[in-house]
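One letter stands for each residue in the lines below.
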Amino acid sequence: MKYDFSAIEAKWQKYWVEHKLYRTENTADGEKFYGLIEFPFPSGRGLHVGHTRPYTAMDVIARKKRMEGYNVLFPMGYDAFGLPTENYAIQNHVHPRTVTERNVNVFRSQLQALGYSFDWDREVNTTDPSYYKWTQWIFLQMFKKGLAYKTQMPVNWCTSCKCVLANEEVAEGVCERCGAPVIRKERSQWMLKITAYADRLIDDLEDVNFPERVKSQQINWIGRSYGAQVKFATTLGDEITVYTTRPDTLFGATYMVLSPEHTLVAKWMDRLTNPEEVKAYQAMAAAKSDMERTELNKDKTGVCLGGVKGINPVNGKEIPIFISDYVLATYGTGAIMAVPAHDTRDWEFARKFDLPIVEVIAGGNVEEAAFTDVATGTLVNSDFLNGMSVAEAKTAIINWLVERRIGEAKKNFKLRDWVFSRQRYWGEPIPIVKCEKCGYVPLSEEELPLLLPEVESYEPTDTGESPLAKMTDWVNTTCPCCGGPAKRETDTMPQWAGSSWYFLRYTDPDCKDAIASPEALRYWLPVDWYNGGMEHTTLHLLYSRFWNRFLYDIGAVPVKEPYQKRTSHGMILGENGEKMSKSRGNVINPDDIVKEFGADTLRTYEMFIGAFDLAASWSTEGVRGCRKFLERVFKLQEMVTPEDEYRKVLETKMHQTIRKVSQDYENLKFNTAIAAMMALVNEFYRVGSVSRKELQTLLLLLNPVAPHMTEEMWEELGFSGRVYQNSWPEYDEAKCASDTVEIALQVNGKLRATLNIRRDQEKEEILSLAKEALKDRLTGTIVKEIYVPLKIVNIVIRP
RNA sequence: GCAGAUAUGGCGGAAUUGGCAUACGCGCAUGAUUCAGGUUCAUGUCCAUGUACUUGGGUGUGGGUUCAAGUCCCACUAUCUGCACCA
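Just so we're clear, the structure is a prediction, and the values are computed from it rather than from any experiment.

Thresholds applied
- Residues numbered from 1 in each chain as written.
- Chains lettered and ligands numbered in written order.
- Predicted model: local features only at pLDDT ≥ 70, side-chain atom pairs only at ≥ 80, totals over all residues.
- Heavy atoms only, no water.
- Pairing = 2+ DSSP bridges.
- Helix = DSSP H or I, 4+ residues; strand = E, 2+ residues; numbered from the N terminus.
- Axes fitted to C-alpha atoms, helices over the stretch in contact; angles between N-to-C directions.
- Salt bridge = Lys/Arg side-chain N within 4 Å of Asp/Glu carboxyl O.
- Buried < 20%, exposed > 50% of the residue type's maximum accessible area, 1.4 Å probe, protein only.
- Parallel < 35°, antiparallel > 145°, perpendicular 65-115°, else oblique.
- Left-handed = near helix turned anticlockwise from the far one by under 90°.
- Contact = heavy atoms within 4.5 Å.
- Nonpolar A, V, L, I, M, F, W, Y, C, P; charged D, E, K, R; others polar.
- Phe/Tyr/Trp six-rings, centres within 6.5 Å; stacked < 30°, edge-to-face > 60°.
- Lys NZ or Arg CZ within 6 Å of the ring centre and 35° of its normal.
- Near = heavy atom within 4 Å.
- Polar contact = N/O pair within 3.5 Å; in protein donor to acceptor, adjacent residues only side chain to side chain.

### A short note on the sheet that holds strand E23 (residues 485–488)
1) Next: As summarised here, the arrangement of the 4 strands in space is E21-E20-E23-E22, forming an open sheet in which the pairing is antiparallel. Each end of this open sheet is capped by a strand with a single partner; those strands are strand E21 (439–442) and strand E22 (476–478). Direction aside, neighbouring strands of the sheet carry axes that sit 45° apart on average.

See below:
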């Protein structure tokens, strides 16, 4: 009997589609289960073996849950707006919509060829006007609540192409396309006030089941810190406000540093003694990204502002003011007080510029290095703070500052507001018009969706505006508020917009009058299990939690947190252990694998490749191994005996395997689940036969991973119904354990022998058996005898 | 630089609470089947030493705790992911 995978897979895929096998209703008996995977960006390169790993994993979970009686929602869609499609469209003079449609069709057929159990009736596409209508609607709600606003923000500007570049299009400070230098230029941008939700985004993590590493990465990214804001007077009259997490070290502040972009620098420019030097430094800083600027191993640079001094409020001392690019305009107030004795970066800067280092917390040697340990130090050289601990000093100094109205306790976040504008064509138009009289005015909800107009060229304009700016008929409109002349916003939304709420739309994808009907949202939310990549932890995952929380606050969704459980998969690397990429020539196309080995083999291999949450390298030899395993299962048909029960010799093994596979699937340990099934199959071969009942159980266990082959065998063997209509096999805990176990016998921790014991044997009896077995080695005084039940005996002797 | 993670045979990886390191697969070796190659089946396979028994070493590096450490603690090193306009 030959395993003809192409015929088998085609047959069952057709059957599943025709019978709408995986269609999900919004009401049903049994508990609901909503399993979600990150929907793909339909790129021109097609589906990647990196996609199929998490998709297969959740498909396994979904199939198992259905067999356990759950009403399962397992949907798929396309996150189809975005830069790569737009760039392809520009190069090839085709409409991005055409490119998107083509790519989506390729993706869909690739996904279907892998036998995923998606409910295809619920497919969503973020570029569909009936979808982005609601993306725009959410933006309008945010605007109405004051969470969307415009401000000046720096963007990457190519001096030659004269257009705004994405960070990805900038390589080592030059434009990726033309090689011309890229500078940072201020532009008016739409922003979303995610910082208003910073506390909630941290605090609500307590209620969800996310891996610790995901939680801590989000918490650190949001970066909540408690400190103080302090006003420093200057000799030019203006005050500088600094943010510090260490107000206790105020007596040790021996200089100040402003970010090169700080507004006071420009204001003071005429009165400085070294304006040329300052301007030159600002120009240099503008050419660097934030990351380059904060690299610690680089030499600290900076310029002292000539002709102005700051005044330390606690001791009245005049201290120099520098500008340096290690201070970022976007964090805190863009200005710091520098305490070189107790901050590493300040210490290095002070050494380089020969500035005084004043120790105010005893415990280290500040001549050698900054002393940053807050737990043990005691305040010194600090007047009324002397002798206090760091914690006491913080409270005391803040009270002192508050009394004099020169400072206050302040909570700060590293999280920045979300830059929501893109000067691009292929995104959702922002539904706002600008009226000379009324300012920024939202469109009324009846006018949504605001459709993307047809343009001839998708190239950004010379002024850096989006291609939409060239559509004067579209841009010039009337103000919804006063009816006077107004202009439409020409920026579009980032790709993150559509993906921030897609999981809501799946619950009711055709809903006409809301993001989804309240009944559907109530039934399906929260998502029970969301699997995705670690690389999305601080952006997509955080953004979508933010949007959901906002929608909860305005009563549009019923749950605070959208995802009850989050898991992450590791990347699939090339055969050489490097990231798969065209330039490295190590890309594996899933289509080729399906064609040569079959979808069931690809699925099995990707589940077997290694620990699900770690990266794993591709191995075509490994694929062959999984194919061999499936062939061995297929050939079991020739060895079937008619018993409709587990035979005595295999009973324990059967129960153990069911338990292992059930638990391992649930814990995403697919590799060990498959190993257990391989071991079971080896056992069948060793025995030389398999009973009908044993094979039936194996087919049920293997079905989620290899659905086509198991369905075919099920039919061939004449079992009733389809595999998916049957229940998940059960195991008996009592039958998982054999009567005897082998334990290890150690002397001084070294393995010397093993011993077979009965489960119910007494400790004393086992110890005496052990000593008998080890008697040649017990050549000294026995100091200690350790027995760990059913595991080990360790006898400690001294000569 | 900051943040999060990872490190086990020739390779992918396994190992409830600290309790027999290397399950399962690949590769390799030997044998059977075959005209032959492939397939399939069986056996073996951490390293060193040795006649089989054995003995010693061994989970990135260096220390520590413990009767016992891949697992816990301290200090390193290397690699991977993200860093806000790629998604």
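### Description of the pattern of salt bridges
1) Next: Applying the stated rule across the entire model yields 42 salt bridges.
2) Next: The closest approach of N and O atoms between Lys-11 and Glu-715, which form a salt bridge, is 2.7 Å. In this pair, Lys-11 is assigned in helix H1 (residues 5–18) and Glu-715 in helix H24 (residues 707–716), connecting sequence segments 704 residues apart.
3) Next: Among the ionic pairs, Asp-59 bridges to Arg-63, the shortest N-O distance being 3.0 Å. With a gap of 4 residues between them, Asp-59 and Arg-63 both fall in helix H2 (residues 49–67), about one helical turn apart. Of the two residues, Asp-59 and Arg-63, neither departs from the other in class, the shared state being buried.
4) Next: Several salt bridges share partner residues, and in doing so they unite Lys-11, Glu-712, Glu-715 and Arg-722 into one network.

### Overview of the sheet that holds strand E2 (residues 71–73)
1) Next: Read across the sheet, 4 strands follow the order E2-E1-E24-E25 without closing on themselves; strand pairing throughout is parallel. Across the chains shown, the open sheet's two edge strands, defined by having one partner strand only, are E2 and strand E25 (566–569). Each strand axis lies, on average, 20° off the axis of its neighbour in the sheet, ignoring direction.
2) Next: In terms of strand pairing, strand E24 (residues 529–533) meets E25 through 4 bridges, oriented parallel. Pairing of Gly-532 across the sheet is with Ser-568, part of E25.

### Concerning the packing of helix H21 (residues 648–666) against helix H22 (residues 670–687)
1) Next: It is at 8 Å that the axes of H21 and H22 come closest, and there the two elements cross at 160°. Taken together, the axes of H21 and H22 lie roughly antiparallel to each other. Handedness of the H21/H22 crossing: left-handed. Listed contacts from H22 to Leu-650, Lys-653, Met-654, Thr-657, Lys-660, Val-661, Asp-664 and Tyr-665 of H21 are Phe-670, Thr-672, Ala-673, Ala-676, Met-677, Ala-679, Leu-680, Glu-683, Phe-684 and Val-687.
2) Next: A class-by-class count of the residues in the contact of H21 with H22 yields 12 nonpolar, 2 polar and 4 charged.

### Describing the packing of aromatic side chains
1) Next: Considering all chains together, one arrives at 47 aromatic pairs under this definition.
2) Next: Between Tyr-243 and Tyr-331 the ring centres are 6.5 Å apart and the planes differ by 90°, which places this aromatic pair in the edge-to-face class. One end of the pair, Tyr-243, is in strand E11 (residues 240–244); the other, Tyr-331, is in the loop between strand E14 (318–323) and strand E15 (335–338), and 88 residues separate them in sequence.
3) Next: You can call Tyr-243 buried: its relative accessible area is 8%.
4) Next: Clustering of aromatic rings is evident, with ring pairs tying together Phe-139, Phe-143, Trp-190, Tyr-197, Trp-418, Phe-420, Tyr-440, Trp-496, Tyr-543, Phe-546 and Trp-547.
5) Next: Between Arg-63 and the ring centre of Trp-16, over which it is positioned, the NZ or CZ distance is 5.0 Å.
6) Next: Directly above the aromatic system of Tyr-149 lies the positively charged group of Lys-193, at a separation of 5.7 Å from the ring centroid.

### A closer look at the packing of H22 against helix H23 (residues 692–702)
1) Next: As a packed pair, H22 and H23 sit with axes 11 Å apart at the nearest point and diverge in direction by 160°. Considered as vectors, H22 and H23 are oriented roughly antiparallel to each other. The handedness of the crossing between H22 and H23 is left-handed. Residues Met-677, Leu-680, Val-681 and Phe-684 of H22 touch H23, and the partners they reach there are Glu-694, Leu-698, Leu-701 and Leu-702.

### Some words on the protein's contact with RNA strand B
1) Next: In the vicinity of RNA strand B lie 71 residues, with Asn-167, Gln-189, Gln-495, Arg-632 and Arg-777 positioned nearest.
2) Next: Those atoms of RNA strand B that come within 4 Å of the protein belong to sugar or phosphate at a rate of 66%.
3) Next: For RNA strand B, a sugar or linking oxygen lies 2.6 Å from a polar atom in the backbone of Ile-609.
4) Next: Classifying every residue of the surface near RNA strand B gives 29 nonpolar, 22 polar and 20 charged.

### A look at the environment of Gln-229
1) Next: If you trace the backbone, Gln-229 turns up in strand E10 (residues 225–234).
2) Next: Owing to a relative accessible area of 18%, Gln-229 belongs among the buried residues under this scheme.
3) Next: In this view, Gln-229 contacts Thr-241, Val-242, Tyr-243, Thr-333, Ile-406, Gly-407, Glu-408 and Lys-410; residues no more than four positions away in its chain are not counted.

### Here's the deal with the side chain of Thr-135
1) Next: Examined against the element boundaries, Thr-135 turns out to sit in helix H5 (residues 129–144).
2) Next: Apart from the residues within four sequence positions on either side, Thr-135 is in contact with Glu-428, Met-493, Ala-497, Gly-498, Trp-501 and Trp-547.

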